[in-house]
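# A closer look at the structure
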Amino acid sequence: MAPSKSESELERGLDLARQGEYFSAHEALEDAWRASEPDEKDFFQGLVHVVVAWYQAGRGNRVGFERQLEKAGRRLGPFAPEHRGVDVAALLRQVESASAAGTLDVPPLDVP
(Lines give C-alpha, C1' and ligand atoms only; values in the text may rest on other atoms or scores of the structure.)
Protein backbone atom coordinates (compact mmCIF):
# COMPACT_ATOMS: atom_id res chain seq x y z
CA MET A 1 0.00 0.00 0.00
CA ALA A 2 1.39 3.40 -0.98
CA PRO A 3 2.00 5.95 1.76
CA SER A 4 -0.59 8.69 2.10
CA LYS A 5 0.17 12.19 0.84
CA SER A 6 0.71 13.42 4.40
CA GLU A 7 3.15 10.54 5.10
CA SER A 8 5.19 11.05 1.94
CA GLU A 9 5.28 14.84 2.33
CA LEU A 10 6.24 14.44 6.00
CA GLU A 11 9.24 12.30 5.01
CA ARG A 12 10.20 14.68 2.21
CA GLY A 13 9.90 17.69 4.52
CA LEU A 14 11.97 16.08 7.27
CA ASP A 15 14.66 15.06 4.77
CA LEU A 16 14.83 18.62 3.41
CA ALA A 17 15.07 20.01 6.95
CA ARG A 18 17.93 17.60 7.69
CA GLN A 19 19.72 19.04 4.64
CA GLY A 20 19.19 22.60 5.89
CA GLU A 21 16.72 23.36 3.10
CA TYR A 22 14.28 25.05 5.46
CA PHE A 23 12.19 26.92 2.90
CA SER A 24 11.63 23.80 0.79
CA ALA A 25 10.99 21.78 3.96
CA HIS A 26 8.30 24.24 4.96
CA GLU A 27 6.55 23.82 1.61
CA ALA A 28 6.58 20.01 1.85
CA LEU A 29 5.38 20.09 5.45
CA GLU A 30 2.59 22.51 4.52
CA ASP A 31 1.47 19.99 1.90
CA ALA A 32 1.49 17.29 4.60
CA TRP A 33 -0.50 19.59 6.90
CA ARG A 34 -3.13 20.24 4.22
CA ALA A 35 -3.50 16.49 3.56
CA SER A 36 -3.58 15.50 7.24
CA GLU A 37 -6.51 14.46 9.37
CA PRO A 38 -7.95 17.14 11.71
CA ASP A 39 -6.51 15.56 14.86
CA GLU A 40 -2.98 15.84 13.42
CA LYS A 41 -3.12 19.34 11.95
CA ASP A 42 -1.33 20.85 14.96
CA PHE A 43 1.51 18.33 14.65
CA PHE A 44 2.17 19.25 11.03
CA GLN A 45 1.72 22.96 11.67
CA GLY A 46 4.17 22.72 14.55
CA LEU A 47 6.76 21.19 12.25
CA VAL A 48 6.13 23.98 9.73
CA HIS A 49 6.72 26.54 12.49
CA VAL A 50 10.02 24.89 13.43
CA VAL A 51 11.49 24.96 9.92
CA VAL A 52 10.18 28.47 9.28
CA ALA A 53 11.86 29.61 12.52
CA TRP A 54 15.20 28.29 11.29
CA TYR A 55 14.58 29.87 7.89
CA GLN A 56 13.82 33.22 9.53
CA ALA A 57 16.97 32.96 11.66
CA GLY A 58 18.98 32.52 8.48
CA ARG A 59 17.37 35.64 7.06
CA GLY A 60 18.16 37.65 10.20
CA ASN A 61 14.48 38.11 11.07
CA ARG A 62 14.45 38.02 14.88
CA VAL A 63 10.72 38.80 15.28
CA GLY A 64 9.72 36.11 12.79
CA PHE A 65 12.12 33.64 14.38
CA GLU A 66 10.80 34.20 17.90
CA ARG A 67 7.15 34.09 16.86
CA GLN A 68 7.64 30.83 14.98
CA LEU A 69 9.44 29.24 17.95
CA GLU A 70 6.57 30.15 20.26
CA LYS A 71 3.98 28.73 17.88
CA ALA A 72 6.03 25.55 17.36
CA GLY A 73 6.22 24.85 21.07
CA ARG A 74 2.52 25.40 21.56
CA ARG A 75 1.46 23.15 18.67
CA LEU A 76 3.98 20.34 19.13
CA GLY A 77 3.79 20.04 22.92
CA PRO A 78 0.75 17.74 22.98
CA PHE A 79 2.49 15.30 20.60
CA ALA A 80 5.57 14.74 22.80
CA PRO A 81 7.46 12.61 23.38
CA GLU A 82 7.09 10.97 19.95
CA HIS A 83 4.64 11.10 17.06
CA ARG A 84 4.82 9.52 13.59
CA GLY A 85 8.42 8.50 14.18
CA VAL A 86 9.52 12.04 15.06
CA ASP A 87 11.22 12.56 18.43
CA VAL A 88 9.04 15.52 19.31
CA ALA A 89 10.60 15.90 22.76
CA ALA A 90 14.07 16.30 21.20
CA LEU A 91 12.71 18.79 18.67
CA LEU A 92 11.07 20.79 21.45
CA ARG A 93 14.38 20.88 23.36
CA GLN A 94 15.98 22.47 20.28
CA VAL A 95 13.14 24.99 20.04
CA GLU A 96 13.50 25.87 23.73
CA SER A 97 17.28 26.12 23.46
CA ALA A 98 17.04 28.37 20.40
CA SER A 99 14.52 30.57 22.17
CA ALA A 100 16.63 30.84 25.32
CA ALA A 101 19.85 31.58 23.40
CA GLY A 102 18.67 35.07 22.45
CA THR A 103 20.56 34.96 19.16
CA LEU A 104 19.81 34.18 15.55
CA ASP A 105 23.07 32.25 15.32
CA VAL A 106 21.46 28.86 15.89
CA PRO A 107 23.05 25.50 15.10
CA PRO A 108 21.56 23.57 12.18
CA LEU A 109 18.29 21.91 13.02
CA ASP A 110 18.84 18.29 14.06
CA VAL A 111 15.64 16.60 12.96
CA PRO A 112 15.28 13.45 15.08
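First, a word on scope: everything that follows refers to the structure included in this document. (Residues numbered from 1 in each chain as written. Predicted model: local features only at pLDDT ≥ 70, side-chain atom pairs only at ≥ 80, totals over all residues. Heavy atoms only, no water.)

## Re the pattern of salt bridges
For the structure shown, the criterion picks out eight salt bridges. Close ionic contact of Glu 40 with Arg 84 constitutes a salt bridge, the shortest N to O distance being 2.7 Å. Of this pair, Glu 40 sits in the loop between α2 (22-35) and α3 (41-59) while Arg 84 is found in the loop between α4 (62-76) and α5 (88-101), placing the two residues 44 residues apart along the sequence. Note that Arg 74 is salt-bridged to Glu 70, the shortest N-O span being 2.7 Å. Residue Arg 74 and its partner Glu 70 are both found in helix α4; the two are separated by four residues, about one turn of the helix. (Salt bridge = Lys/Arg side-chain N within 4 Å of Asp/Glu carboxyl O. Helix = DSSP H or I, 4+ residues; strand = E, 2+ residues; numbered from the N terminus.)

## Examining helix α1 (residues 5-18)
For α1, built from 14 residues, the straight-helix expectation of 20 Å at 1.5 Å per residue is met to within 8% by its first-to-last C-alpha distance of 20 Å. Of the surrounding secondary structure, the elements contacted by the buried residues of α1 are α2 and α3. Immediately beyond the C-terminal end of α1, within one or two residues, lies Gly 20, with a positive phi of roughly 80 degrees. (Expected span 1.5 Å × (residues − 1). Contact = heavy atoms within 4.5 Å.)

## Some remarks on the nonpolar core
Counting residues in each nonpolar core, the largest one holds 34 residues, and the members touching the most others are Phe 43, Val 50, Trp 54, Phe 65, Leu 76 and Leu 109. For this core, the secondary-structure elements that each account for two or more residues are α1, α2, α3, α4 and α5. At 10 residues, α3 tops the list of elements feeding residues into this core. Beyond its immediate sequence surroundings of up to four residues, Phe 43 is in contact with Leu 10, Leu 76, Phe 79, His 83, Arg 84, Val 86 and Val 88. (Core = buried A, V, L, I, M, F, W, Y, C linked by side-chain atoms within 4.5 Å. Buried < 20%, exposed > 50% of the residue type's maximum accessible area, 1.4 Å probe, protein only.)

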